[in-house]
Amino acid sequence: MADENGEPTDDLVPVILDYAHKYNLKVTFHIEPYKDRDDRSMYHNVKYIIDKYGGHPAFYRHKTSTGRFLPMFYVYDSYVTIPEIWANLLTVSGSQTIRNTPYDALFIALLVEERHKHDIHRSGFDGMYTYFATNGFSYGSSHHNWASLKAFCDSNNLMFIPSVGPGYVDTSIRPWNNHNTRNRVNGKYYETAFSAALLVRPEIISITSFNEWHEGTQIEKAVPKRTGQVVYLDYKPHKPNVYLELTQKWSEKYRKEQEQWLM
């Protein structure tokens, strides 16, 4: 299924899983809005995903504090559905509950505004992520709010997953949005975001994005390229893989710091 901006991707999933396994990567699902997304359709779609792909060795499962290994689903624009609907699916007493069934999982909601944190808690989500790569664009994407969000999550047994990005520029598709452009500053913007994320000691850090070129948040290898009027961002004077190297550097730093937190 897909929203109006995308195409169905089901045929691609086995290919992605197979390649991920080859490189010792795991795949989890980012569930975009789609027509009639509610507690019932989510239950059926989560069941479909787990039944169809859950046995693949590259299908991601997260070890919880209780020692269970559960699938994880990021739910984009979760706030467009009211907490009462989500609670039907995500709380133990819900009419459509997925809890304590073979399809139980960790569900991560998108936090945009501060008030969403209370809705996320009431809904029965397991955590929240901030998604947007523009520091200052939303309450959730503003680095200076991460400490208070992490504290809220800690006190309510929720996961806090800050999202970091290398920069942002979407004026090729949203010409009016140049006030949200964030310059990469030769990698410093990305490193500042990682540094802010590590300060709050999160269990997971998400990266927005690997290859979302139209919003200028890609970290994959890039060389100078033009198609028609569109000029793709490259990383000159740095090497084409500079952002992959920065990702590796900060991943290793994160892993080392995690070891210290757990001591």
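Reading the values: rules and limits
Counting from 1, residues in each chain are numbered in the order their sequence is written. Reporting in this predicted model follows two pLDDT cut-offs: at least 70 for local features of residues, and 80 or more for side-chain atom pairs to be given and counted; totals over whole chains, interfaces and linings ignore these cut-offs and use all residues. Here the side-chain values reflect all heavy atoms present in the structure, with hydrogen atoms and water set aside. Only protein atoms enter the 1 Å grid used here. Points where a 1.4 Å probe fits but cannot escape make up a cavity, open sets with protein on both sides within 12 Å along at least five of seven lines make up a pocket, and a residue lines them when an atom lies within 4 Å of a point. Grid points are joined across faces, edges and corners, and a volume is the space filled by probe spheres set on the points. A run of DSSP states H or I qualifies as a helix once it reaches four residues; a run of E qualifies as a strand once it reaches two. Both are numbered from the N-terminal end. Residue burial is assigned from relative accessible area. The probe radius is 1.4 Å, only protein chains are included, and a residue is buried under 20% of its type maximum, exposed over 50%, and partly exposed in between. The directions from the helix axis to the C-beta atoms form the arc being described. Whether two residues are in contact is decided by their heavy atoms, any of which lying within 4.5 Å being enough. A pair of Phe, Tyr and Trp rings is counted when the ring centres sit within 6.5 Å of each other, with Trp represented by its six-membered ring. The angle between the planes then sorts it: under 30 degrees is stacked, over 60 is edge-to-face, the rest tilted. As a reminder, the over-ring test applies to NZ of lysine and CZ of arginine, requiring each to be within 6 Å of the ring centre and within 35 degrees of the ring normal. Asp, Glu, Lys and Arg are counted as charged, while Ala, Val, Leu, Ile, Met, Phe, Trp, Tyr, Cys and Pro are counted as nonpolar; the rest, among them Gly, fall into the polar class. Salt bridges, as used here, are contacts in which a Lys or Arg side-chain nitrogen is within 4 Å of a carboxyl oxygen on Asp or Glu.

A. Examining empty space enclosed by the protein more closely. In total, this model carries 1 cavity of 30 Å³ or more according to the counting rule given. Of the volumes computed, that of the largest cavity is approximately 30 Å³. As for the largest cavity, its lining consists of Phe132, Ala133, Thr134, Ser141, His143, Ser163, Val164, Gly165, Tyr189 and Ala193. Among the elements of the structure, strand 7 (163–164) and helix 6 (188–199) are those that each provide at least two residues to the lining of the largest cavity.

B. Main features of helix 3 (residues 83–90). Those residues of helix 3 lying buried are Pro83, Trp86, Ala87, Leu89 and Leu90. The buried residues of helix 3 occupy an angular sector of 160° when projected down its axis, which confines them to one face. The inward-facing, buried residues of helix 3 abut helix 2 (39–53), strand 3 (69–75), strand 4 (106–110) and helix 4 (116–123).

C. Main features of the packing of aromatic side chains. In the structure shown here, the tally under the stated rule is 17 aromatic pairs. Judged by centre distance (6.0 Å) and plane angle (20°), the ring pair of Phe29 and Tyr53 falls under stacked. Note that Phe29 is positioned in strand 1 (residues 29–31) and Tyr53 in helix 2, a separation of 24 residues in sequence. Overall, Tyr53 belongs to the buried group, its relative accessible area being 5%. A centroid spacing of 5.3 Å and a plane angle of 80° characterise the contact between Tyr131 and Phe132, whose relative ring orientation is edge-to-face. The class of Phe132 is buried, set by a relative accessible area of 17%. By the ring-pair criterion, three or more aromatic residues cluster together here, those being Tyr74, Tyr76, Tyr129, Tyr131, Phe132 and Phe137. Directly above the ring of Tyr243 sits Arg184, whose terminal nitrogen or CZ lies 4.7 Å from the centroid.

D. Summary view of the layout of surface pockets. Volume-wise, the second largest pocket comes out at about 940 Å³. Taken together, 32 residues line the second largest pocket, and the ones lying closest to its centre are Thr64, Ser65, Asn157, Met159 and Glu203. Looking at the lining of the second largest pocket, its residues break down into 13 nonpolar, 10 polar and 9 charged.

E. A look at the pattern of salt bridges. Applying the stated rule across the entire model yields 16 salt bridges. Here Arg122 and Asp119 are joined by a salt bridge, their closest N and O atoms 3.3 Å apart. You can see Arg122 and its partner Asp119 sitting in helix 4, 3 residues apart, about one turn around the helix. Here Arg122 falls in the partly exposed class, since its relative accessible area comes to 48%. We note a salt bridge from Glu245 to Lys239, for which the minimum N-O separation is 3.0 Å. With a relative accessible area of 34%, Glu245 lands in the partly exposed category. On the basis of relative accessibility, which here comes to 48%, the residue Lys239 falls in the partly exposed class. One continuous salt-bridge network, built from bridges that share partners, spans Arg68, Arg99, Asp104 and Asp126.

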